[in-house]
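Chain by chain, the residues run as shown.
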Protein chains: 2
Amino acid sequence: MIFRQLFEPLSSTYTYLLGCSDTGAALLIDPVVNSIDRDLAEVQRLGLTLAYTVDTHIHADHITSALQLKQRVGSRIAVPAFDALPCADVGLQEGQPLRMGSVELRPLHTPGHTDGHHAYAQVDRVFTGDALLIEGCGRTDFQNGSAAALYRSVHDKLFSLPEDCMVYPGHDYQGRRVSSVAQEKQRNPRLGGGRTLQEFEQLMAELKLPYPKFIDHAVPGNRLCGVCPDDLPEQLQAYCQRMGERMTDSPQG
Amino acid sequence: MIFRQLFEPLSSTYTYLLGCSDTGAALLIDPVVNSIDRDLAEVQRLGLTLAYTVDTHIHADHITSALQLKQRVGSRIAVPAFDALPCADVGLQEGQPLRMGSVELRPLHTPGHTDGHHAYAQVDRVFTGDALLIEGCGRTDFQNGSAAALYRSVHDKLFSLPEDCMVYPGHDYQGRRVSSVAQEKQRNPRLGGGRTLQEFEQLMAELKLPYPKFIDHAVPGNRLCGVCPDDLPEQLQAYCQRMGERMTDSPQG
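Residues numbered from 1 in each chain as written. Chains lettered and ligands numbered in written order. Predicted model: local features only at pLDDT ≥ 70, side-chain atom pairs only at ≥ 80, totals over all residues.

Draft legend 1. A look at the overall build of chain A. When helices and strands are counted, chain A shows seven helices and twelve strands. At 17 Å, chain A has a C-alpha radius of gyration in line with the 18 Å of a compact globule built from 253 residues. Referenced to the eigenvectors of the C-alpha coordinate spread, the extents of chain A come out at roughly 45 × 45 × 35 Å. The contacts of chain A with a sequence gap of at least 6 include a subset with a gap of at least 24, amounting to 62%. (Helix = DSSP H or I, 4+ residues; strand = E, 2+ residues; numbered from the N terminus. Rg over C-alpha atoms; globule rule 2.2 N^0.38 Å. Contact = placed C-beta atoms within 7 Å.)

Draft legend 2. Representation of the packing of helix α3 (residues 147-158) of chain A against helix α5 (residues 197-205) of chain A in the model. Residue and element names in this part refer to chain A. One way to put it is that α3 packs onto α5 with a least axis distance of 9 Å and a crossing angle of 130°. Taken as axis vectors, α3 and α5 run oblique relative to one another. For the crossing formed where α3 meets α5, the hand is right-handed. Between α3 and α5, the residues in contact are Ala147, Ala148 and Tyr151 and Leu197, Phe200, Glu201, Met204 and Ala205, respectively. Of the residues belonging to the contact of α3 with α5, the class tally is seven nonpolar, no polar and one charged. (Axes fitted to C-alpha atoms, helices over the stretch in contact; angles between N-to-C directions. Parallel < 35°, antiparallel > 145°, perpendicular 65-115°, else oblique. Left-handed = near helix turned anticlockwise from the far one by under 90°. Nonpolar A, V, L, I, M, F, W, Y, C, P; charged D, E, K, R; others polar.)

Draft legend 3. How the structure looks around the interface of chain B and chain A. Listed as interface residues are 15 residues of chain B and, on the opposing side, 15 residues of chain A. For the side of chain B that touches chain A, the element with the most residues is helix α4 (residues 181-187) of chain B, which contributes four residues.

Draft legend 4. Main features of the sheet that holds strand β10 (residues 125-129) of chain B. Read from one edge to the other, the open sheet built from six strands follows the order β7-β8-β9-β10-β11-β12 (chain B), with strand pairing classed as mixed. If you trace the sheet from one side to the other, it starts and ends with β7 (98-100) and β12 (179-180) of chain B, each paired once. (Pairing = 2+ DSSP bridges.)

Draft legend 5. Geometry of the pairing of strand β5 (residues 76-80) of chain A. Residues and elements named next belong to chain A. Among the five residues of β5, four are classified as buried, and the element is accordingly described as predominantly covered. Across three bridges, the pairing between strand β4 (residues 49-54) and β5 is parallel. Its bridge partner being in β5, Thr53 is matched across the sheet by Ile77. (Buried ≥ 20, exposed ≤ 12 C-beta atoms within 10 Å, placed from the backbone.)

Draft legend 6. Main features of helix α2 (residues 66-73) of chain A. All names here are of chain A. Taken residue by residue, α2 has Ala66, Leu67, Gln68 and Leu69 as its buried positions. Turning to α2, the residues buried within the fold contact α1 (36-45), β4 and β5. Positive backbone phi, approximately 80°, marks Gly74, located one or two places after α2.

Draft legend 7. Molecular detail of the pairing of strand β9 (residues 118-121) of chain B. Residue and element names in this part refer to chain B. Of the two faces of β9, the one lined by His118 and Tyr120 and the one lined by Ala119 and Ala121 are each fully buried. Taken together, the four bridges between strand β8 (residues 103-109) and β9 define a ladder with antiparallel strand orientation. Note on β9: the bridge partner recorded for His109 is His118. When β9 meets β10, the two strands line up antiparallel, connected through two bridges.

Draft legend 8. Quick peek at the relation of the copies chain B and chain A. Note on the copies: chain B fits chain A at an RMSD of 0.0 Å, the axial shift is 0.0 Å, and the rotation between them is 180°. In symmetry terms, the pair is related by a two-fold rotation axis. Looking at chain B, 100% of its interface residues are interface residues in chain A too, so the copies touch through the same face. (Least-squares fit on C-alpha atoms with pLDDT ≥ 70 in both.)

Draft legend 9. The sheet that holds strand β8 (residues 103-109) of chain A, seen in detail. All names here are of chain A. Read across the sheet, six strands follow the order β7-β8-β9-β10-β11-β12 without closing on themselves; strand pairing throughout is mixed. Two strands in the sheet have a free side with no partner beyond their single neighbour: β7 (98-100) and β12 (179-180). Across four bridges, strand β10 (residues 125-129) lies against strand β11 (residues 166-169) in parallel orientation. In the strand pairing of β11, Arg125 is matched with Met166.

Draft legend 10. Seen up close, the nonpolar core. One finds Val126(A) and Val126(B) to be the most contacted residues of the largest nonpolar core, which totals 126 residues. Excluding residues that lie within four positions of it along the chain, Val126(A) makes contacts with Ala119(A), Tyr120(A), Ala121(A), Leu158(A), Leu161(A), Cys165(A) and Val167(A). (Core = buried A, V, L, I, M, F, W, Y, C linked by C-beta atoms within 7 Å.)

Draft legend 11. Broad picture of the environment of Ser12(A). With respect to the helices and strands, Ser12(A) occurs in the loop between β1 (2-8) and β2 (13-19). Note: C-alpha distance between Ser12(A) and Pro251(A) (239 residues apart in sequence) is 10.0 Å.

Draft legend 12. Highlighting helix α6 (residues 215-223) of chain A. Residue and element names in this part refer to chain A. If you check which residues of α6 are buried, you get His217, Ala218, Gly221 and Asn222. Axial view of α6: buried residues confined to an arc of 110°, hence all on one face. In the segment just after α6, Cys225 is the residue with positive phi, at about 70°. (Arc of directions from axis to C-beta.)

Draft legend 13. Quick peek at the environment of Leu6(A). Residue and element names in this part refer to chain A. Take Leu6: it is sitting in strand β1. Among the residues examined, Leu6 registers 20 C-beta atoms within 10 Å and is labelled buried. Residues Leu6 and Leu18, twelve residues apart in the sequence, show an inter-C-alpha distance of 11 Å. If we ignore the near neighbours within four places in the chain, the residues touching Leu6 are Tyr14, Thr15, Leu17, Ser35, Asp39 and Glu42.

Draft legend 14. Just unusual backbone geometry, in detail. Residues and elements named next belong to chain A. If you check the backbone angles, Asp30 has positive phi at about 55° while not being a glycine. In this fold, Asp30 is placed in the loop between β3 (25-29) and α1. Phi at Glu135 is positive, roughly 55°, even though this residue is not glycine. Looking at the element boundaries, Glu135 is found in the loop between β10 and α3.

Draft legend 15. Looking closely at the environment of Tyr52(A). Residue and element names in this part refer to chain A. Within the secondary structure, Tyr52 sits in strand β4. Separated by 150 residues in sequence, Tyr52 and Gln202 have C-alpha atoms that sit 39 Å apart. Among all residues touching Tyr52, those that are not within four sequence positions of it are Leu27, Ser75, Arg76, Ala78 and Met100.

Draft legend 16. Quick look at the confidence of the model for chain A. Looking at chain A as a whole, the pLDDT averages 93, with 94% of positions reaching at least 70. This complex was scored by the predictor with a pTM of 0.93 and an ipTM of 0.90. (pLDDT = per-residue confidence, 0-100.)

This is how it looks when you write it as structure tokens:
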């Protein structure tokens, strides 16, 4: 499998490029509109054709490039079926792998950051979106989030993967790029080290995070598979269209 | 490829088990005598046969189990040819991959921690021994170590691997298990972030590390592919034979 971990600096998002060396097909997990040209150039540089975009959830901190990529290169939009987006081409759900040549993604319903959040597992790695970050996790106070649900998602679905399964998160704000299930079980200060559900719920309830600056624009835009609303203030329009300064809060608070 | 990252807690050493699913052959990188029973049990649990032990260098903080494994299950002892150990079966050198079924290790001569140190690269990962640790590196003040040599090894050999190449270190003292070339280039406080050769040499010269407690026993023992010297004090004998308390210093100081 061809693999690239790409970083979008405005929202500190990791986008993952997975390519099938047999068929030349590629997919992008969580592509960001700000980096659409860079991502497309990388797909082309590798001699691949973009077959799918795959989002882990309805993002609140950036706009997905799924729709624009579909318009530019004809890729199909795959999102959790749970979110019931009319703009999607493929609805993903647990138990139904997405296959693209020799590349397979196994969706794992991992609610808690959002209710429709899915992680995508392969044999040796898992793309955890905002459910599990390196030494962190996504916040649980919007989009039908739930600390109890996130605790169960991480413990029952992600921490039950093999110890050496590599963890590729949806974001990192300190340049960390990869972890493993064993590492997060031991070191994650929110969810690892034997922390109980009750302790996690209390910790998340006491974070006292500010209201996310971009959420009111990003969520409706992403429910349309990636549209910058027309009525955005100029600075946010620039951000949405990939030229602005950093406007987002960390989704882990 | 079958893959396991195993941890030996007395010396905080990572031992890597690599298995070929076609042939059932396995090898262990940097196995520690203290964990010989656990490692053999894991090989057997996976239905594999141990074909090789592979050491990255002459260790100063623990005794390799290479010789005992050879005596118990007939595995062949592979070490850097540079070290010219009469007890070895296979001398590894850069440019000559070790092949075991579909598993291939590409030796990279990475002197600096010791003069004979080799890392072992695969397509998507590299076992860096003590040349490059997660946010650290091995010390350079014994065994013909050299900060200048280590800087060149890391920059020319390891940092020139693909950005997404996973870094599996020889040790970690904080439960971190995996990094990537991109992550170490950016975050390694000794060798990354644009630090110059001169800065690195100065930093290593100023570490003022204590004399390693176990080195006078470990180095001759490991030059015999893993023998606990007869004349060890009782406590060190126990450590050497896998029952003792932690006796080692961190090789990164």
